[in-house]
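Chain and residue survey
The residues making up each chain are set out below.
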Amino acid sequence: MHQIINEIRESFDNDLKIVTSAEQLENLRIAYLGRKGKISQLFEDFKNLPNEEKRTVGKELNILKTTSQNKFDEMKEKLSEGSSNGNADIDLTLPGRKVEVGTKHILTQTLEEMRDIFRGLGFSVHEGPELESDHLNFEMLNFPADHPARDMQDTFFVNKDFLLRTHTSPVQIRLMSNQKPPLRAIMPGKVYRNEAISAKSYCLFHQVEGLYIDTDVTFAELKGTIVSFAQQFYGKDVKYRFRPSFFPFTEPSAEVDIWWEPANGKEGRWLEILGCGMVDPNVLENCGIDSEKYVGYAFGMGVERIAMLKYGVSDIRTFFDNDKRFLKQF
Ligand code: PHE
């Protein structure tokens, strides 16, 4: 009897090893543990044993029955886990989920296009911090303390000496203070102004400023650069005008307007896209550049304004709403 029990244990284990489906497992159960199965049969045979053997064999038989039952339960669980993990439950006929691929934000696209145009005109790209000192954002640019020109740019002060930059001109100061002319670079980046928010102005916007310093730079070259940019960006037929203006850091100064005609057939009008001028000698001297020897021009434009004109966007706030219906158009 002893030997038969061992044989049945072994054959149960072997048969269990090759089970791969619930159906096979059920057959195995019937063959061993079922009412007429091999193990149940052993219990029948057990009844005929002489009394002195019953004690030890009974114990062995009970162990065989419970361990086989446990192994069976374990296998059953394994098989059902397998099916809930996938295979049997996957419905291959279901339509797949569409993966949405994002696109670049229209401001990023505009910035990249502007950068490429200026690169083509020989400008390198320089960036600087958005948190600036009053010194670099204003004083070095010829806005003395308490000068009324500071009111041109409503400022978010962080404390007495530091602020969120109101323009990217401090990057020009950093560049002029750290490198020797000739210099030719643009400075793209975010700027902040504490303005009443409306369709035309927002507390945050992007600028691209440009700077060119050398021994013989002229206003005519400044004009040529701006016109070349406008024609590449808006097309050869773009209508533009230069208007005299004032900035503390340039002299003479100008603003440039582009003629804009709305798509709805309403009357067109001039819209300002940038400020520019010849760098004030004071600014050059502040940065340690000899203003007797060097001259330069600078310009600065708002990226949102430039994009609004190109794409016919009427409200600057839509750039920052992150409404996919708006963004998807570009
Ligand atoms: N820094 C000016 C502004 O933010 C723009 C500008 C740059 C004007 C360079 C002239 C020359 O408004």
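Residues numbered from 1 in each chain as written. Predicted model: local features only at pLDDT ≥ 70, side-chain atom pairs only at ≥ 80, totals over all residues. Heavy atoms only, no water.

Looking at the packing of helix H1 (residues 2-17) against helix H2 (residues 22-32)
- Running from N to C, H1 and H2 cross one another at 170 degrees; their axes reach a closest spacing of 11 Å. Considering their axes alone, H1 and H2 lie roughly antiparallel with respect to each other. From H1, Ile 8, Ser 11, Phe 12, Asp 15 and Leu 16 reach across to H2, where they touch Leu 25, Leu 28 and Tyr 32. (Axes fitted to C-alpha atoms, helices over the stretch in contact; angles between N-to-C directions. Helix = DSSP H or I, 4+ residues; strand = E, 2+ residues; numbered from the N terminus. Parallel < 35°, antiparallel > 145°, perpendicular 65-115°, else oblique. Contact = heavy atoms within 4.5 Å.)

Digging into the layout of surface pockets
- In this model, the largest pocket occupies a volume close to 640 Å³.
- Taken together, 31 residues form the lining of the largest pocket, with Arg 193, Phe 205, Gln 207, Glu 272 and Gly 302 sitting closest to its centre.
- For the lining of the largest pocket, the secondary-structure elements that each account for two or more residues are helix H7 (169-178), strand S5 (204-214), strand S7 (250-260), strand S8 (269-279), strand S9 (295-302) and helix H10 (303-311).
- Class assignment of the residues belonging to the lining of the largest pocket gives a composition of 13 nonpolar, 10 polar and eight charged.
- Approximately 300 Å³ is the volume found for the second largest pocket.
- Residue lining of the second largest pocket: 14 residues in total, with Leu 111, Glu 127, Pro 188, Gly 189 and His 206 positioned closest to the centre.
- Broken down by secondary-structure element, the contributors of at least two residues to the lining of the second largest pocket are helix H5 (106-120) and strand S4 (183-192).
- It is H5 that provides the largest number of residues to the lining of the second largest pocket, a total of five residues.
- Residue composition of the lining of the second largest pocket, by class: three nonpolar, five polar and six charged. (1 Å grid on protein atoms, 1.4 Å probe; cavity = no way out; pocket = protein on both sides within 12 Å on 5 of 7 lines; lining within 4 Å. Points joined across faces, edges and corners; volume = space filled by probe spheres on them. Nonpolar A, V, L, I, M, F, W, Y, C, P; charged D, E, K, R; others polar.)

A look at the site of the ligand
- The environment of the ligand is made up of 14 residues, and the closest members are His 167, Ser 169, Arg 193, Gln 207 and Glu 209.
- Arg 193 places a polar side-chain atom, nitrogen or oxygen, 2.9 Å from an oxygen atom of the ligand.
- Coverage of the ligand by the protein chains reaches 93% of its 320 Å² of free accessible surface.
- Judged by the proximity of its atoms to the pocket grid, the ligand belongs to the largest pocket.
- Listing elements by their share of the shell around the ligand, those giving two or more residues are S5, S8 and S9. (Near = heavy atom within 4 Å. Polar contact = N/O pair within 3.5 Å; in protein donor to acceptor, adjacent residues only side chain to side chain. Areas by Shrake-Rupley, 256 points an atom, 1.4 Å probe, with all protein chains shown as cover. Sits in = over half its atoms within 2 Å of the grid points.)

Observations concerning the side chain of His 206
- Relative to the helices and strands, His 206 is located in strand S5.
- At 2.7 Å, the side chain of His 206 forms a polar contact with the side chain of Glu 304.
- Once residues within four sequence positions are removed from consideration, His 206 is found in contact with Leu 107, Leu 111, Gly 189, Lys 190, Met 301, Gly 302, Val 303, Glu 304 and Phe 320.

Let's talk about the sheet that holds S9
- An order of S1-S4-S5-S9-S8-S7-S6 is seen for the seven strands of this open sheet, with the pairing classed as mixed. The strands lining the two open edges of the sheet, one partner per strand, are strand S1 (124-125) and strand S6 (240-247).
- Bridge analysis of S7 against S8 gives nine bridges, and the strand direction is antiparallel. By the bridge assignment for S8, Val 256 is matched with Leu 274.
- Taken strand by strand, H7 contacts S4, S5 and S9, and its axis lies near 35 degrees from that of S5.
- Set on the sheet, H10 makes contact with S5, S7, S8 and S9; between it and S9 the angle comes to about 60 degrees. (Pairing = 2+ DSSP bridges.)

Notes on empty space enclosed by the protein
- Counting across every chain of the model gives one cavity of 30 Å³ or more.
- Computed from the structure, the largest cavity encloses a volume of approximately 50 Å³.
- Class assignment of the residues belonging to the lining of the largest cavity gives a composition of six nonpolar, two polar and no charged.

Regarding the packing of aromatic side chains
- Throughout the structure, instances matching the rule amount to 18 aromatic pairs.
- On the numbers, 4.9 Å between centres and 10 degrees between planes, the contact of Phe 118 with Phe 229 is stacked. With Phe 118 in helix H5 and Phe 229 in helix H8 (residues 219-234), this pair connects stretches of sequence that are 111 residues apart. Across this residue pair, the class does not change: Phe 118 and Phe 229 are buried.
- Aromatic side chains Tyr 212 and Tyr 297 sit 5.5 Å apart centroid to centroid with 75 degrees between the ring planes, which places their arrangement in the edge-to-face category. Of this pair, Tyr 212 sits in strand S5 while Tyr 297 sits in strand S9; the two residues are 85 residues apart in sequence, bridging distant segments of the chain. One exposure class covers both Tyr 212 and Tyr 297, and it is buried. (Phe/Tyr/Trp six-rings, centres within 6.5 Å; stacked < 30°, edge-to-face > 60°. Buried < 20%, exposed > 50% of the residue type's maximum accessible area, 1.4 Å probe, protein only.)

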